[in-house]
Amino acid sequence: MRTETSAASPRGTWESAQRIRLVDHHVHGPLSGDVTREQLEMLLTESDRPIPEGTTVFDSQVGFAIRQHCAPLLGLEPGASPEAYVARRSQSTADELAELFLEGAGVSDWVVDTGFGTDSIWSPEQMRGHLSGSVHEIVRLEALLEQVAVDCAPEQLQESFEAAVARAAEKAAGWKSIIAYRFGFDFEPRRPSPDEVLAAARRWLGELVEGEGLRVEDPVLLRWLLYVACDTGLPIQLHCGYGDPDLDLHRCDPLLLTSWLRDIEGSGSRIMLLHCYPFHRNAGYLAQVFPHVYCDVGLSINYSGAASRQIVAESMELTPFSKLLYSSDAWGPPELHYLGSLLWRRATAAVMDRWVDQGDWPEEEPERILQMIGRDNACRVYGLDETREAQSRA
Amino acid sequence: MRTETSAASPRGTWESAQRIRLVDHHVHGPLSGDVTREQLEMLLTESDRPIPEGTTVFDSQVGFAIRQHCAPLLGLEPGASPEAYVARRSQSTADELAELFLEGAGVSDWVVDTGFGTDSIWSPEQMRGHLSGSVHEIVRLEALLEQVAVDCAPEQLQESFEAAVARAAEKAAGWKSIIAYRFGFDFEPRRPSPDEVLAAARRWLGELVEGEGLRVEDPVLLRWLLYVACDTGLPIQLHCGYGDPDLDLHRCDPLLLTSWLRDIEGSGSRIMLLHCYPFHRNAGYLAQVFPHVYCDVGLSINYSGAASRQIVAESMELTPFSKLLYSSDAWGPPELHYLGSLLWRRATAAVMDRWVDQGDWPEEEPERILQMIGRDNACRVYGLDETREAQSRA
Amino acid sequence: MRTETSAASPRGTWESAQRIRLVDHHVHGPLSGDVTREQLEMLLTESDRPIPEGTTVFDSQVGFAIRQHCAPLLGLEPGASPEAYVARRSQSTADELAELFLEGAGVSDWVVDTGFGTDSIWSPEQMRGHLSGSVHEIVRLEALLEQVAVDCAPEQLQESFEAAVARAAEKAAGWKSIIAYRFGFDFEPRRPSPDEVLAAARRWLGELVEGEGLRVEDPVLLRWLLYVACDTGLPIQLHCGYGDPDLDLHRCDPLLLTSWLRDIEGSGSRIMLLHCYPFHRNAGYLAQVFPHVYCDVGLSINYSGAASRQIVAESMELTPFSKLLYSSDAWGPPELHYLGSLLWRRATAAVMDRWVDQGDWPEEEPERILQMIGRDNACRVYGLDETREAQSRA
C-alpha cells in the first residue's frame, strides 16, 4: 500500500502491517461520478440529514483522518485544509480518484456487497476492470427477495426465492442481511413454517401500492431469508450496530441474536457480524463461545479515525484471533476504501506493539496475527482460493 | 483558571486548554452554608445512602482528584490527606470557598439548572452577585408543572402550563427534563392528545394526598412536557445515564429515545443529552446521525477523575466536534465546579495531544477544537450573546 | 508470588503489587488429573463447543498470556510455543502443576465455589492439604436446593431448604447464585410468597423425569433462594455478564437487578457482582450508589490477557476503591489460578502508575489501594479473620 504517512515502529510491526495484502471482506463500490464538497460531506457521515448550520463534517474524526492521511496521496501535505483538499480532489475524475485510493489500499480481494446504491458507484464488473485485486460478490438477501417478488404470486414466492438463492449461490461468496435495519435483532428466532411464510407473503404482496417499490420489512419473511441462506452453507454477513438513522441501534446489539445463533449452529453457515460498534465487546463474546460466529469492527474504524486504536483493542479482548476479520464497509468516496485499510493497519500494529512492549505478548507474534486478521481468516471462511478457481473455470 | 497543578505539554495544547473561557452548559449552584466532613462526603457521591462502615468517599476517583487538584487552591500540597484538606477548608466560609473554586474554574457563562435542592445552594441571583461570569437559567419542566398544578383544576392544567412555559421562555436559556428519573426513556414516543393529557391530569391531581407535595411521575404528562418545550424551539437538556439510585440506569440509555428524536426532529429544538455515561458512545452515535442532537459527558468526568481521559476519548469517537459540549453538572461542593473544568481541560488536551503525537490529527487543530467544545458550540446552541443582549435591554 | 516475568516500575508500584497476599474471593479447584492438549484448549475458553477447524485456542489473549507468563514457571522462555509448553507441562503430574501455579499465585485465602464440576478438580479438602493458603467455602444455592429436593415432597421443600441453609451458614463464607445462567436477571424482584413457592415447587418436582437429574430453572424458586440467602446476612456472589454459551448475555447485565437490589437493601447481606464484563461500568455504578453492592472483573482479566489493563481501568472509574475485589474465577487448569493473580497485579499496578505519572493521583496511594482491592476489602466483607477463628475452634 501507499505509505506517505508513516508510523515507524522499532519492532517492524508497522512494516509487517503495510506488507499484508488485505481481504476487505465487506465493502461496496467507489463513486463513479464527481461530487461537490457538500455531496462529499454528506457521504462522510452515517447521517442522511442536512448538515447543521455552522458546522462541517470535516470537523469530525473521519474528516481529520482524510485531511491527515488522504491528502498525501493527492500530493498535499498531511493536514491540508478542507478547502485545499476538495480543490485538489476536484482536479481528478471520479475514476482516477477511485483507482488511486483503491489501489493504494493494498487490498488483494474485495468482497463486495452489491445491494445498495448501485446507481452511483462502480459495479463489480467496473471494479474488476479498473483494479488489480480480485472481486467477489455478496448477495443481499432482502434485495434478492424484492427482485423475485415482482410479478410473483404469494403462493410461488417460497419456491421462486429458493430457486433464486440456489442460482446465486453458484457464484456468490456469501450473503448479506440487513434485518438490523428492516426490523431489528429482537425477532422470534425459530424457523418459520411454510404456512407462516405464505401468510406473511400474502400480507406483504397484498399491501403493494401501484407504482411504489417493494420493501420487505415483515419479520417472518426477514428471518425466513436467513434460514434459506443458512441452508446453503455459505457465510452470512449481518449488519450489526452503528449505521444510519434508519435503524434503532438498541435493537441491533448482536447479543439479541443469541437464541437464533444456537438454532442455526448446525447449519454449517458461518455468521459474520459486521461493524458491531458500540457492541463490539458483545460480538467478541459471541465469537469466542460459538464456533460459527466471526466479527469485525468495520466502519467504526473509519468513523472513529484517530480514536480507532481503542476500538480495535477492545475487539481483541475476547475474540479469538482466528475469528476476527478486516473490512472497510466503504461505500462511495474512495477515500474510505483507503482509510479503512490504513487505519486498520495503524491501529492493529500499534496495539500489538503496545502489548509486546508491556511484556504481555510474545515478540514474534504480531506479524502472524496481523496476517490472520487481515487476510487468512477471510480466505478460510469465504474459500477465496476455491472461488478464484471456480471463476477461472467458468 | 488557576493552574497550581500543571500538565505541561510540548505542543502548547495544555496552555491553550487553560486559556479557554468555558461555558458550563449544565450546572447548579455551590453550597451556601458550611458542611461537616460527613456532609461533604455525602455530596461527593451519587449515592444518597449512608456511607458503608469502614469506608470513606475520599477513597474514590473524585476523592483523590479533590486531594490532588483542589488542595493547592487552599494552599496545601497536591495529595493532601482528607483530614488536612477538610481542616483547611473549614477555615473558610461557604461563600469564600464558592468564590475561590468557581472563579478558579475559568468559566465565563454558567447555564444553571435551578430545579433541584435550591435551599442549600446559591441562587442564580447570588451567583450573579458573587461571580464575574454571566449566569443563564435553565427551567426544569417537571418543577414548573408541579408549581402550576398547585391550585389548578385538571381541566385548566394544559392552558396554565402552556402559559407558564411561554412566560418562562422569555428569559430561559432552555429547558431541562428529568424524565429519566421519573419514568425512564422507554416511554411511548408520540405526542399525547389533549384528551390523553386531560385524563392523566385528572388521575394525577385526583390522587393528591393532603399535605404531600406534588410529584409528577405519569409518563403521559412527562412526555407532554417535552412536546410543549419543543414548541418553543429552545434547547432541551435531558438527564441521561448515570445519576443517583432513584433511577433505573438501564432505562436511561439515550438510544431508547430514538423514535422520539425522529418525531420531534422538525420542531427546531435542539436536544442536549447530558452525562450519558456509560452510554456516551450511544449518545455520540445519536449526535452524529441526528442534526438536532448534542451531547456531553458531564458529571462522569468529575466522578471518574484520573480515569476521565478514557471517557473523554470515547465521547469523541463518533460525535461531530461541533455537537459536543462541556458541563460540570456540579451541585453543592464548589470543588466540583472547579474540578469539572480542570479535569475536562486536562483530559481533552491529553487525548488531543495523543492523537497529534501518533500522527493522526493535524498539528494545529487541538486549540480550535478545544474552543469549539468548551465554548463555541454552547454559545451557538443557547444563543448566549443574544441572551446577554436581551438581559441588558430588560 | 513467583515473578519470572517482570514489569519494573520506577515508583515501586509493581514491587508493592507483588508483595500483596491476595484473597481470591471467587475461585474453584485446580485439575486433579492429567489433560491432553485438546482437553487443555477446551478449558481455556468459555466455549463448550468443539474448536473450529484450522484454529487453536492458543491464538487468543489467554493463550498468549499462558505462553508468555506461565512458561517461565515451567522453566521455559517467555513466549514458548504451544507445542513446547504442552510438552513441558505433560512432564509434571496434575498435582505438581496445581501446587506450582497455585503457590506461585501469592494467594493467602481461597474463597472456593464448590458448586461446579467437582469430579475433575481438587476438593476444598485437597486444596487445604496441598496449599499453604486458607480455604473458605462458598455454597452454591441452586446446587443446595437440588440436593435437598431429592426425596423431598413439595410441601416440605421450603422448610427443608431453609434448614439446609441454616446448617450450611455455620461454616460457609457466603453464597453463590447462578440465576444468570438459569434464568437471567430480568426476574420479578419482590420476594415470592410461601404459596407461590409451594406452587412452583409442585410444578418443578411434578415434572421430574425418572433417572434425570434435578435442575432448577423456575424463576420463582431461583429468586426465593436469593431471599433465603439474604436472611442469613452472609455475602451473596452473583455471576454477572460473560460466561459460557448457556447464558443469554444481554439478560445478565447487573443493571437488571436494580429493583431487586433496592428490595433487599435492608437485609444486611452484601451482594458481590462477579466478572460483570462487558457490563463492568454498570456494576461500578451500582457499587457506588448502593452501600451493599461490591464488584470485581473476575474472569475477564484472564480471558483478555494483555488487554486487561483497559478493563481494570474501567472498573475503577465509578467503583469506590473500598467496593472492588480481586478474583480469578479459575476452574481447572492451574495456569488460570496463577494468571489471574499475575495479570491483576500487572494491570492494577500499571493503571495506578499511569494515574500517578499523569499527575492525577497522590504518589503514595497506589500501595494502599492495591492492598484494599487485592485483600482488605474481601477480608472485611467475608469476615475472614473471624472465619479462621471459628474454624480453629471447630
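Residues numbered from 1 in each chain as written. Chains lettered and ligands numbered in written order. Predicted model: local features only at pLDDT ≥ 70, side-chain atom pairs only at ≥ 80, totals over all residues. Heavy atoms only, no water.

Naming follows an unreviewed UniProt entry, where chain A appears as Amidohydrolase-related domain-containing protein of Kocuria palustris PEL.

Engineer: Could you give an account of the overall build of chain A, with specific residues and numbers?
Structural biologist: Helix and strand content of chain A: 18 helices and seven strands. Relative to a compact globule of 394 residues, whose C-alpha radius of gyration would be 21 Å, chain A shows 21 Å and is just as compact. Dimensions of chain A along its principal axes, counting C-alpha atoms only, are 60 × 50 × 45 Å. Here chain A holds 394 residues, and 66% of them are scored as buried. For chain A, contacts bridging at least 24 residues in sequence account for 76% of all contacts bridging at least 6. Of the accessible surface of chain A, which amounts to about 13,200 Å², a share of 47% is contributed by carbon and sulfur atoms. Chain A carries 35 positive and 60 negative side-chain charges, and their two centres are separated by 4 Å. (Helix = DSSP H or I, 4+ residues; strand = E, 2+ residues; numbered from the N terminus. Rg over C-alpha atoms; globule rule 2.2 N^0.38 Å. Buried < 20%, exposed > 50% of the residue type's maximum accessible area, 1.4 Å probe, protein only. Contact = heavy atoms within 4.5 Å. Areas by Shrake-Rupley, 256 points an atom, 1.4 Å probe, with all protein chains shown as cover. Lys, Arg positive; Asp, Glu negative; His and termini not counted. Charge placed at Lys NZ, Arg CZ, Asp CG, Glu CD.)

Engineer: Can you explain the domain arrangement of chain A? Please cite residues and give values.
Structural biologist: By a frequent convention, interface size equals the accessible area lost on bringing the separate parts together. All names here are of chain A. Considered domain by domain, chain A is made up of domain 1 (12–33 + 94–392) and domain 2 (35–92). Averaged C-alpha coordinates put domain 1 and domain 2 at centres separated by 26 Å. Taken together, the contact between domain 1 and domain 2 spans 29 residues of the former and 21 residues of the latter. Contact between domain 1 and domain 2 buries roughly 2,000 Å² in total, counting both sides, with carbon and sulfur atoms accounting for 68%. Looking only at domain 1, the three residues that lose the most surface to domain 2 are Leu97, Tyr303 and Glu335, adding up to 26% of its buried area. Our count for the contact surface shared by domain 1 and domain 2 stands at one salt bridge. One salt bridge in this structure joins arginine 89 and glutamate 335, with 2.7 Å as the shortest N-O distance. Where domain 1 packs against domain 2, one counts three residue pairs in polar contact (both at pLDDT 80 or more). At the level of secondary structure, the elements contributing two or more residues to the side of domain 1 that touches domain 2 comprise helix 5 (94–104), helix 14 (298–304) and helix 16 (334–357). Ranked by the residues each element gives to the side of domain 1 that touches domain 2, the list is headed by helix 16, at eight residues. (Domains from an automatic or database assignment. Buried area = accessible area lost by both parts, 1.4 Å probe. Salt bridge = Lys/Arg side-chain N within 4 Å of Asp/Glu carboxyl O. Polar contact = N/O pair within 3.5 Å; in protein donor to acceptor, adjacent residues only side chain to side chain.)

Engineer: Describe the relation of the copies chain B and chain C, naming the residues involved and giving the relevant values.
Structural biologist: Each copy of the sequence occupies a distinct position, and chain B is placed on chain C by a rotation of 120° and an axial shift of 0.0 Å, giving an RMSD of 0.0 Å. As the rotation angle and translation indicate, the two copies are arranged about a three-fold axis. It is Gln310(B) whose C-alpha, among those of chain B, lies nearest the rotation axis, at 5.3 Å. Take the interface residues of chain B: only 5% of them recur as interface residues in chain C, which is what a contact between different surfaces looks like. (Least-squares fit on C-alpha atoms with pLDDT ≥ 70 in both.)

Engineer: I'd like to hear about the sheet that holds strand 3 (residues 134–140) of chain A, residue by residue, with values.
Structural biologist: All names here are of chain A. Here we have seven strands laid out as an open sheet, ordered 1-2-3-4-5-6-7, and parallel in their pairing. Edge positions in the sheet fall to strand 1 (22–27) and strand 7 (293–295), since each has one partner strand and no second. Along the sheet, successive strands turn relative to each other by an average axial angle of 25°, direction set aside. Of the pairings in the sheet, the one linking strand 5 (residues 236–240) to strand 6 (residues 271–275) comprises five bridges and is parallel in character. Paired with cysteine 240 across the bridge in strand 6 is histidine 275. In the packing of helix 11 (residues 219–232) onto the sheet, the strands contacted are strand 4 (174–177) and strand 5, and the crossing angle to strand 5 comes to about 145°. Across the sheet, helix 13 (residues 280–289) is in contact with strand 6 and strand 7; its angle to strand 7 comes to roughly 145°. (Pairing = 2+ DSSP bridges. Axes fitted to C-alpha atoms, helices over the stretch in contact; angles between N-to-C directions.)

Engineer: Run through the UniProt feature "domain: Amidohydrolase-related" (unreviewed entry) in chain A, naming residues and quoting values.
Structural biologist: The feature "domain: Amidohydrolase-related" (unreviewed entry), as annotated in UniProt, sits at residues 158–384 of chain A in this numbering. Taken end to end, residues 158–384 of chain A is 52% helix and 7% strand, and its first and last C-alpha atoms sit 30 Å apart. (UniProt positions renumbered as here; feature names shortened; annotations may be inferred.)

Engineer: How would you sum up the interface of chain A and chain B? Please name residues and give values.
Structural biologist: In this assembly, 39 residues from chain A lie in contact with 34 residues from chain B. In total, about 3,100 Å² of surface goes out of reach between chain A and chain B, with carbon and sulfur atoms giving 51% of it. Counting across the interface, chain A meets chain B through eight salt bridges. Asp248(A) is the partner of Arg262(B) in a salt bridge, and the nearest nitrogen-oxygen pair spans 2.9 Å. For the pair chain A and chain B, the number of links is 22 residue pairs in polar contact (both at pLDDT 80 or more). Mapped onto the side of chain A that touches chain B, the elements with two or more residues apiece are helix 3 (61–70), helix 14, helix 15 (308–315) and helix 16 of chain A. Top contributing element to the side of chain A that touches chain B by residue count: helix 3 of chain A, with five residues.

Engineer: Tell me what's going on with unusual backbone geometry, and back it up with residues and numbers.
Structural biologist: Going from Tyr277(A) to Pro278(A), the amide bond is cis rather than trans, its omega being 0°. Mapped onto the secondary structure, Pro278(A) falls in the loop between strand 6 and helix 13.

Engineer: Which residues make up a negative patch on the surface, and what are the values?
Structural biologist: Residue and element names in this part refer to chain A. On the surface, Asp95, Glu96, Glu99 and Glu103 cluster together into a negatively charged patch. Tracing the sequence through the fold places aspartate 95 in helix 5. Residue classification places aspartate 95 among the partly exposed residues on the basis of a relative accessible area of 30%. (Patch = residues over 30% accessible without salt bridge, like charges linked within 9 Å, V, L, I, M, F, W, Y side chains within 5 Å.)

Engineer: Tell me what's going on with the interface of chain B and chain C, and back it up with residues and numbers.
Structural biologist: The interface of chain B with chain C comprises 39 residues on the first partner and 34 residues on the second. Roughly 3,100 Å² of surface becomes buried between chain B and chain C when both sides are summed, with 51% attributable to carbon and sulfur atoms. Across the pair Asp360(C) and Arg346(B) runs a salt bridge whose closest N-O atoms are separated by 3.0 Å. At the boundary of chain B with chain C, the tally comes to 23 residue pairs in polar contact (both at pLDDT 80 or more). Only helix 3 (61–70), helix 14 (298–304), helix 15 (308–315) and helix 16 (334–357) of chain B provide two or more residues apiece to the side of chain B that touches chain C. At five residues, the largest contribution of residues to the side of chain B that touches chain C is made by helix 3 of chain B. Residue classes in the side of chain B that touches chain C are distributed as 15 nonpolar, 13 polar and 11 charged. (Nonpolar A, V, L, I, M, F, W, Y, C, P; charged D, E, K, R; others polar.)

Engineer: Tell me about the sheet that holds strand 4 (residues 174–177) of chain C, and please be specific about residues and values.
Structural biologist: Residues and elements named next belong to chain C. If you walk across this open sheet you meet the seven strands as 1-2-3-4-5-6-7, and the pairing is parallel. This sheet does not close on itself; its edge strands, each paired only once, are strand 1 (22–27) and strand 7 (293–295). Going across the sheet, the axis of each strand differs from the next one's by a mean of 25°, ignoring polarity. Both strand 2 (residues 107–113) and strand 3 (residues 134–140) contribute to a ladder of five bridges, which runs parallel. Note that in strand 3 the partner of aspartate 113 across the bridge is isoleucine 138. Taken strand by strand, helix 13 (residues 280–289) contacts strand 6 (271–275) and strand 7, and its axis lies near 145° from that of strand 7.

Engineer: How would you sum up the pairing of strand 3 of chain A? Please name residues and give values.
Structural biologist: Residue and element names in this part refer to chain A. Of all seven residues in strand 3, six are buried, a share of seventy percent or more. The parallel pair strand 2 (residues 107–113) and strand 3, bridged by helix 6 (residues 124–130), forms a crossover whose chirality is right-handed. The sheet contact formed by strand 3 and strand 4 spans three bridges and is parallel. Each bridged residue has a counterpart across the sheet, and for isoleucine 138 the counterpart in strand 4 is glycine 174. (Right-handed = clockwise from strand over helix to strand, strands pointing away.)

Engineer: Could you give me a rundown of helix 8 (residues 157–169) of chain B, with the residues and numbers involved?
Structural biologist: Given a rise of 1.5 Å per residue, 13 residues ought to cover 18 Å, and the 18 Å separating the end C-alpha atoms of helix 8 of chain B matches this to within 8%. Looking at the buried side of helix 8 of chain B, the elements it contacts are strand 3 (134–140), helix 7 (141–149), strand 4 (174–177), helix 10 (194–206) and helix 11 (219–232) of chain B. (Expected span 1.5 Å × (residues − 1).)

Engineer: Outline helix 5 of chain A, supporting the account with residue identities and numerical values.
Structural biologist: All names here are of chain A. For helix 5, every residue scored as buried is listed here: Ala94, Leu97, Ala98, Phe101, Leu102 and Gly104. Along the axis of helix 5, the buried residues cluster in a sector spanning 160°; they form a single face. Buried residues along helix 5 sit against helix 3, helix 4 (82–89), strand 2, helix 6 and helix 16. Positive backbone phi, at 65°, marks glycine 106, one or two positions downstream of helix 5. (Arc of directions from axis to C-beta.)

Engineer: Please set out the relation of the copies chain A and chain B residue by residue, giving values where relevant.
Structural biologist: To go from the first copy of the chain to the second, apply a rotation about an axis and then a shift along the same axis. Mapping chain A onto chain B calls for a screw motion: a turn of 120° about the axis and a shift of 0.0 Å along it, with 0.0 Å RMSD after fitting. A distinct binding surface is used by each copy, with only 5% of the interface residues of chain A retained as interface residues in chain B.

Engineer: Any chance you could break down the pattern of salt bridges for me, citing the residues and the numbers?
Structural biologist: A full pass over the atoms with the stated rule returns 96 salt bridges over all chains. Where Lys176(A) meets Asp113(A), a salt bridge forms, and the shortest distance between an N and an O atom there is 2.8 Å. Placement of the pair is Lys176(A) in strand 4 and Asp113(A) in strand 2, with a sequence separation of 63 residues. Of the two residues, Lys176(A) and Asp113(A), both sit in the buried class. The closest approach of N and O atoms between Arg251(B) and Asp186(B), which form a salt bridge, is 3.0 Å. Highlighted residues: Arg251(B) in the loop between strand 5 (236–240) and helix 12 (258–263) and Asp186(B) in the loop between helix 9 (179–182) and helix 10, separated in sequence by 65 residues. Counted as one network, the salt bridges with shared partners bring together Arg281(A), Glu314(A), Glu317(A), Arg281(B), Glu314(B), Glu317(B), Arg281(C), Glu314(C) and Glu317(C).

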